[in-house]
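# Architecture and fold: a report
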Amino acid sequence: MFEKMLRFFVLNSKLNYTLFFLIFIAGVYSYIKIPKEIFPNFDLEMVSVKGSYSGASVDILDKMIVREIEDELQTVNGIDTISTIISPGKFTIIIELEKGENRYEMAKKIDDAVKLTKDNLPSDMDEPVVTAMEVRRRLAEVTISSNELSLEHLKDEAEEFKSELLSIKDVAEVTIYGSSDKFYKISLNEKKIDAYGLDKNEIFEKIKTISFIFPIGQIKDPKKNFYLSTYNGAKTQEDLANTLIKIENKTIYLKDIAVVSKQYEDATTLFSLNGKNAVNFAIKQNESGNAITIVEDLKALILKSQNENKEIQYTLRRDESEKIKDRLNIVISNILLGIIMITILVAILINLRMAIIIAIGIPTAFVMGAIYFYLWGYTINMISLVGVLIALGIIVDDAIVVSENVQQHIEEGLPPKEAAVIGAKEMAKPVTIASITTLFAFIPSLMISGTLGEVIKLIPIAFSALVLASLIESFIFLPIHAAHTLKSKSKTLSWAKVNKIYSSIIHFFMRWKKSFLFLFIVLVPVLMYFKMQNSKFQMFPTFDATTINVTIKADVNTKVEEALEIVKEIEADFIEKKDEFYLENVSSVAGYRRDSANNSERYPYVMYITLELQKIKALNFVDKYITPNLSFYYDDEGRNREEKSQEISRNINQWLKTQNYKDKYNLTDLSVIEKKVGPIKSDIKIGLNSNNYQKTLSALEQLQNEIGKIKGIKSVANSANYGIDEIKVKVNSFGEK
């Protein structure tokens, strides 16, 4: 059966080559369409319950709300662990599900359980929201600023620009920093109302209906039906002021009895870019989007908006696609370099014609692997490319073994096509068995559970796809290539001298086999022991980062406006050091931060500085000569940085200590954060669990101080948020009377 298949594809060469070119075209198309990212996206087997109760302290939320919900959640089957983050005025319950549970179905069950607690919760609190958690990847940030327009004008533009950003394909979420909701304040003039002789209550009722939509009915027509409703009302300050209202048979303009002014709610966050007040848009993509393609669309939108609004500066920042391109450039250039070196070595050590066959076979296996990735919805990322690198050796081995056997039969005098069939047939069993046994070695990595397992599993998946593609290439396409390329005159290089030297070495060890075995049994374990003693475990390697963050926390009584002034002063000092620290942009946000453990906080007294670094220069031979010439996305523009991000981070940390910011601004935390690679954001996490909140805080402070003294600890952070001090009022016996 197998031999018939081989003969079919060898004898029908036109069909074979047609299929070959079609697969190659499909593979290239698949590669272009596959989303590219640094690390893979994965589903979170988690559900969150978020709620808020304005003005409530952490203690009140815990006793009155959180415990009620947690107790009810204990009755839901399929929940593994429940953890809660309580902050002043709000809380988040994170529910980790048992393996195999559908998070959307579980979200419905959890929502039903939360609703059962409604009668026991405060009646004036917002209803808790249950959400199936999803990972949305950060894509880029766009900042709008102006030397001519006010911040209020930028806020007006923000909502419209946000809508345009969300219209870009595969943009999933846009978060605005530095803006706030707009409203119109109507200040009534009592003297004018009295002069007109109007009733204030009637005026209030009329004002309430100005911007409401009222359904009126339906117009039915033989050709087309229409729904009829009132107009939604005025949308601008001027239109509102010119609104006609009728009260007690008197028709007047609203501006006759009131002053309409446009105002903004108190901002929860304030943003600054390079010392100027600005509005920032943090953009996230969905899991199926291609970051490189989305950013191209984003750049087109920015160019269009810039041309339409000359007085506003649009700045694209923290472009994740640039990092993706750089990482892909490194890995892809290494793969291409490996293919070139293998081809050259095979040409030198075996023969040129066989090298050509192998040079064709390797990319063929790659494009077939790309088709598999595209059809099954996987992405090209750093993890999957590791599997590709590992599979490269297997692909080369398969091609060399099969083509070399075909060459031997040609040299024996068989016709090329017959030699191709027999040579491939003879190698089918050993090559297939060798590939399958290699695949079995990766089975344990598919059994790793949790977030790490979701990430690591891409290595065996990519490896398996490439190995199977290599088998298809070796027994479908390679035989016809060998039949048309290999010749009897193209004999392989003689290895007689090498074999003679190798034989003498083997015989030497055989004569001294006892001594050799003793040394092997003793030396190998001893060397392994010393090597492991001096080795350092690292989950993921460190890469050069494009940003460094400074996270800041001030006294809990600090207002967001005061926090902005603090962070802008620190930002101004960084701008003066722009050249020394190779900074491209310096941006700051007051009212939001991520601490060194990657915990997100939104309070008036927290701040976050983002230092965007210039692109790094080529620092070694590979970066200078290999990567630029063997990459698909290489861009040499703006590569001025001569230091790695780790070194710059250390310099910034030392510089901050000399500035004495902690004492100057009464800060409780000032830390430099380097972006970690992979899903692991904290090297070690410790949880404290107790019914006594005060004791927990005391133990937390003591533990944090002791851990900070341990050698090798870089930073320690906790997710406890104390909030503003609470005064409890107790009515005494006199008050009760």
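Residues numbered from 1 in each chain as written. Predicted model: local features only at pLDDT ≥ 70, side-chain atom pairs only at ≥ 80, totals over all residues. Heavy atoms only, no water.

The next thing to look at is helix H19 (residues 560-576). The end-to-end C-alpha distance of H19 is 24 Å, a good match for the 24 Å that 17 residues give at a rise of 1.5 Å each. The complete set of buried residues in H19 reads Val560, Ala563, Leu564, Ile566, Val567, Ile570, Glu571 and Phe574. When H19 is viewed along its axis, its buried side chains cluster within an angular range of 165° and face the same direction. (Helix = DSSP H or I, 4+ residues; strand = E, 2+ residues; numbered from the N terminus. Expected span 1.5 Å × (residues − 1). Buried < 20%, exposed > 50% of the residue type's maximum accessible area, 1.4 Å probe, protein only. Arc of directions from axis to C-beta.)

Because an α-helix completes one turn every 3.6 residues, residues spaced three or four positions apart along the sequence face the same direction. In this model, helix H12 (residues 382-411) (30 residues) spans 44 Å end to end at C-alpha, consistent with the 44 Å of a helix rising 1.5 Å per residue. Alanine 391 marks the point of greatest bend in H12, at about 35°. With a side-chain oxygen lying 3.0 Å from the backbone nitrogen of isoleucine 383, the N-terminal cap of H12 falls on asparagine 381. Just downstream of H12 lies glycine 413, where phi reads positive at about 110°. (Bend = angle between axes of the 7 residues up to and from the residue. Polar contact = N/O pair within 3.5 Å; in protein donor to acceptor, adjacent residues only side chain to side chain.)

This paragraph deals with the layout of surface pockets. Quantified by volume, the second largest pocket comes out at close to 1,100 Å³. If you list the elements that add at least two residues to the lining of the second largest pocket, you get strand E15 (313-317), helix H10 (320-349), strand E17 (583-590), strand E20 (606-613), strand E21 (615-616), helix H20 (621-626) and strand E22 (639-641). The biggest single contributor to the lining of the second largest pocket is H10, with seven residues. (1 Å grid on protein atoms, 1.4 Å probe; cavity = no way out; pocket = protein on both sides within 12 Å on 5 of 7 lines; lining within 4 Å. Points joined across faces, edges and corners; volume = space filled by probe spheres on them.)

Right, let's talk about the packing of helix H11 (residues 352-376) against helix H16 (residues 458-485) for a bit. Running from N to C, H11 and H16 point in directions that differ by 140°, and their axes come no closer than 7 Å. In terms of orientation, H11 and H16 fall into the oblique class. Note that H11 runs across H16; the crossing there is right-handed. Broken down by class, the residue content of the contact of H11 with H16 amounts to 16 nonpolar, six polar and two charged. (Axes fitted to C-alpha atoms, helices over the stretch in contact; angles between N-to-C directions. Parallel < 35°, antiparallel > 145°, perpendicular 65-115°, else oblique. Left-handed = near helix turned anticlockwise from the far one by under 90°. Nonpolar A, V, L, I, M, F, W, Y, C, P; charged D, E, K, R; others polar.)

Here is the key point about a regular strand: its side chains alternate between the two faces of the sheet. Taking every second residue as pointing to the same face, both faces of strand E13 (residues 270-273) are buried, with Leu270 and Ser272 on one and Phe271 and Leu273 on the other. As paired elements, E13 and E17 share four bridges and run antiparallel to each other. The partner of leucine 273 across the bridge, within E17, is serine 587. Where E13 and strand E14 (residues 276-285) come together, three bridges link them in antiparallel fashion. Its bridge partner lying in E14, serine 272 is registered against asparagine 277. Counted along the chain from E13 to the antiparallel partner E14, the turn is two residues long, and its residue asparagine 274 has a positive phi close to 50°. (Pairing = 2+ DSSP bridges.)

Our next topic: unusual backbone geometry. One can expect most non-glycine residues to show negative phi and most peptide bonds to be in trans. Phi is positive for asparagine 660, close to 60°, though the residue is something other than glycine. Checked against the element boundaries, asparagine 660 lands in the loop between helix H21 (645-659) and helix H22 (661-665).

Attention shifts here to the environment of alanine 597. Its place among the elements puts alanine 597 in the loop between strand E18 (593-594) and strand E19 (600-601). Along the chain, alanine 597 and isoleucine 566 lie 31 residues apart, while their C-alpha atoms are 23 Å from each other.

The subject of this paragraph is the nonpolar core. Core analysis: the largest hydrophobic core is formed by 93 residues, its most contacted members being Leu165, Phe281, Ile283, Leu298, Ile362, Phe366 and Phe475. Tallying contributions element by element places H16 first for this core, with 16 residues. Residues within four places of leucine 298 in sequence aside, it is in contact with Ala140, Val142, Leu165, Ile168, Ile283 and Leu316. Counting 30 residues, the second largest nonpolar core, distinct from the first, contains Ile566, Val567, Phe581 and Tyr665. (Core = buried A, V, L, I, M, F, W, Y, C linked by side-chain atoms within 4.5 Å. Contact = heavy atoms within 4.5 Å.)

Tracing the backbone through its elements, the reader meets serine 48 in strand E1 (residues 46-52). Residues within four places of serine 48 in sequence aside, it is in contact with Ile93, Ile94, Val129, Val130, Thr131 and Met133.

Okay, the pattern of salt bridges next. The full count for this structure, using the stated rule, is 20 salt bridges. With a closest N to O distance of 3.4 Å, lysine 115 and aspartate 111 form a salt bridge. Placement of both lysine 115 and aspartate 111 in helix H4 (residues 103-116) is noted, with a separation of four residues, approximately one turn of the helix. Look at lysine 115 and you get partly exposed, because its relative accessible area is 46%. Assessed through its relative accessible area of 22%, aspartate 111 is described here as partly exposed. Across the pair glutamate 580 and lysine 577 runs a salt bridge, and its minimum N-O distance is 3.1 Å. Residue glutamate 580 is classed as partly exposed on the basis of its relative accessible area of 46%. Through salt bridges with shared partners, a single network forms among Glu3, Arg7, Glu418 and Lys425. (Salt bridge = Lys/Arg side-chain N within 4 Å of Asp/Glu carboxyl O.)

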